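Remarks on the overall topology
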Amino acid sequence: MGIVDVQICHLNRLYFDRETRFSLVLLKSVCPYPYNLFSRPYLIIIGHTSMPIISWRLLYWPIRQLLFGIVFFSGCVTIVSIQWLILTINGRHTQEWLDDSKRWFIQLLTFCTCWFTSGTTLRLVFKDREAMARYYNAGQLQLPRRAIVIANHQMYTDWLYIWYLAYRNVGDMGAHIYIIMKESLKKLPILGYGMINYSFVFLARNWQRDAEKMACQFNETSKRDSFWMLIFPEGTNMSHNNREKSHQWARKTNKPIWNGVLLPRVKGLQLAVKEMGNQVITLTMGYKGCSLDRMAQDVFNVVQLYIWGNQPPLVSILIDVQTIDREVEPWIESHWQEKENEMLHYYSNGDFDGVYVDVPLVVGDKLVHILLLGALLSSLFAIYYKYLVNV
């Protein structure tokens, strides 16, 4: 059985010679992140006259999904196992170690995003050069370490990119971010337990039930040296259905009708400002390839991101720091009008107005140790279950 040809071909330019049959022997990727295995696939093809054509898709997706599942699951199990151990020991460094585990999770998720999806670049946009010099220096964000963070909600995974911003900020803010999310998410296997230990705020979307819980957690958070409390004032992500609901509510309450953003809710932000102060990091999210009619949630939903590996190639984030110096309700309405204008400019011009720096979505080498420890713990669990439990 002799090899007759070796070629390296880009998938989009690959044409099979009908007289020659090929076998696929290796997948390779070329992308800005040097270790990404599965974005912009290239094939190393070995031609052979006696073997049938093996479609790259038959190997590409199962391998990618299998590896992603193994790495993500083992990483999550490792993190929550360490959390359990920390809480069991319950020493004086318990909170500090739990905060470390929060950083590990964004490292894990960023690692999986880099390796097993098409890869993403973050474009950090500032209104002018003075703002950029103030808040970005030497490859690191210099945003305040005690602040409420608000953003328009384009899709379910907006928090991933914002958490990564925290990871790139001075003061190790990736370990000190707190996210408000739906109460049902804490019931997720493994992940729910981890998020509870992260002191995330889970809401039932019933103000009478949520107000006391939010006030308590906001007050506890405000006592810490560093915190980012992430709030999406719109309360839900942008979609055709949610935009229509926003329009209906705007007509009913005589509010402005916006197409780039949804009407914000006020009560949660009011309570956060009361308990944690009036300094706000405000972010406006834009995703390349999307428009007013082609929404990010339709193009880059969770299935597209982590099942099919299609990440947005460029995520633009307009960054500003403000102080709420008046009543929250008129401030948020005025500020959301600015966001509406910013989003309309983004969709018309392909980006936000301002100066920017592009930052690849990458993670440091510390994650390797987490994954190795995860593999070790998984092996120990398997041995324990097989040889001790089933004796």
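For the structure, see preceding data.
Everything numeric here is computed off the predicted structure, so don't read it as measured data. (Residues numbered from 1 in each chain as written. Predicted model: local features only at pLDDT ≥ 70, side-chain atom pairs only at ≥ 80, totals over all residues. Heavy atoms only, no water.)

What about the sheet that holds strand β7 (residues 146–151)?
How we decide: Strand pairing follows a simple DSSP-based rule, namely that at least 2 bridges must link the two strands. Numbered from the N terminus, helices here are DSSP runs of H or I no shorter than four residues, and strands are runs of E no shorter than two. The angle between two axes is taken between their N-to-C directions and runs from 0 to 180 degrees, where each axis is a line fitted to C-alpha atoms and a helix contributes only its stretch in contact. Residue contacts are counted whenever heavy atoms from the two residues lie within 4.5 Å of one another.
One open sheet accounts for eight strands, arranged β9-β8-β10-β7-β11-β12-β4-β13; its pairing is mixed. Sheet topology places β9 (201–203) and β13 (355–360) at the edges, where each strand pairs with a single neighbour. Averaged over all adjacent pairs, the angle separating strand axes in this sheet is 25°, with direction ignored. Relative to strand β10 (residues 227–231), strand β8 (residues 177–182) is paired through three bridges, and the arrangement is parallel. The partner of isoleucine 179 across the bridge, within β10, is leucine 230. Across the sheet, helix α8 (residues 267–276) is in contact with β7 and β10; its angle to β7 comes to roughly 170°.

A closer look at the nonpolar core
Going by this rule: Among buried residues, those of type Ala, Val, Leu, Ile, Met, Phe, Trp, Tyr and Cys that are joined through side-chain atoms within 4.5 Å constitute a nonpolar core. The rule is simple: take the accessible area with a 1.4 Å probe, protein chains only, and divide by the maximum for that residue type; under 20% is buried, over 50% is exposed, in between is partly exposed.
Counting residues in each nonpolar core, the largest one holds 63 residues, and the members touching the most others are Phe105, Leu124, Phe126, Tyr161, Leu283, Tyr287 and Ile319. With eight residues, the single largest contributor to this core is helix α4 (residues 158–167). If sequence neighbours within four positions are ignored, tyrosine 161 has contacts with Thr120, Leu122, Met155, Met285, Tyr287, Gln311, Pro312, Val315 and Ile317.

A closer look at helix α7 (residues 240–253)
How we decide: One less than the number of residues in a helix, times 1.5 Å, gives the span that helix is expected to have. Working definition: the arc comes from the directions between the helix axis and the C-beta atoms, pointing outward to the latter.
With 14 residues, α7 should reach 20 Å at 1.5 Å per residue; the first-to-last C-alpha distance of 20 Å fits that figure. When we look at burial in α7, the residues that qualify are Asn242, Arg243, Ser246, His247 and Ala250. Relative to the axis of α7, the buried residues are bounded by an arc of 145° and lie together on one face. Among the exposed residues of α7, those pointing more than 90 degrees away from its buried face are Arg251 and Lys252. Phi turns positive one or two residues past the end of α7, at asparagine 254, with a value near 60°.

Some thoughts on the environment of arginine 205
Note the threshold: Each polar contact in these results corresponds to two N or O atoms within 3.5 Å; when the atoms are within protein, one needs to be able to donate a hydrogen and the other to accept it, and residues that are neighboring in sequence are counted only if both atoms are side-chain atoms.
By the element assignment, arginine 205 lies in the loop between β9 and α6 (207–222). Using a relative accessible area of 52% as the deciding quantity, one classes arginine 205 as exposed. Spatially, the C-alpha atoms of arginine 205 and glutamate 183 are 8.3 Å apart, while their sequence positions differ by 22 residues. Here arginine 205 is in contact with Lys182, Asp210 and Gly235, once residues within four sequence places are set aside. Polar side-chain contacts of arginine 205 include one of 3.1 Å to the backbone oxygen of glycine 235.

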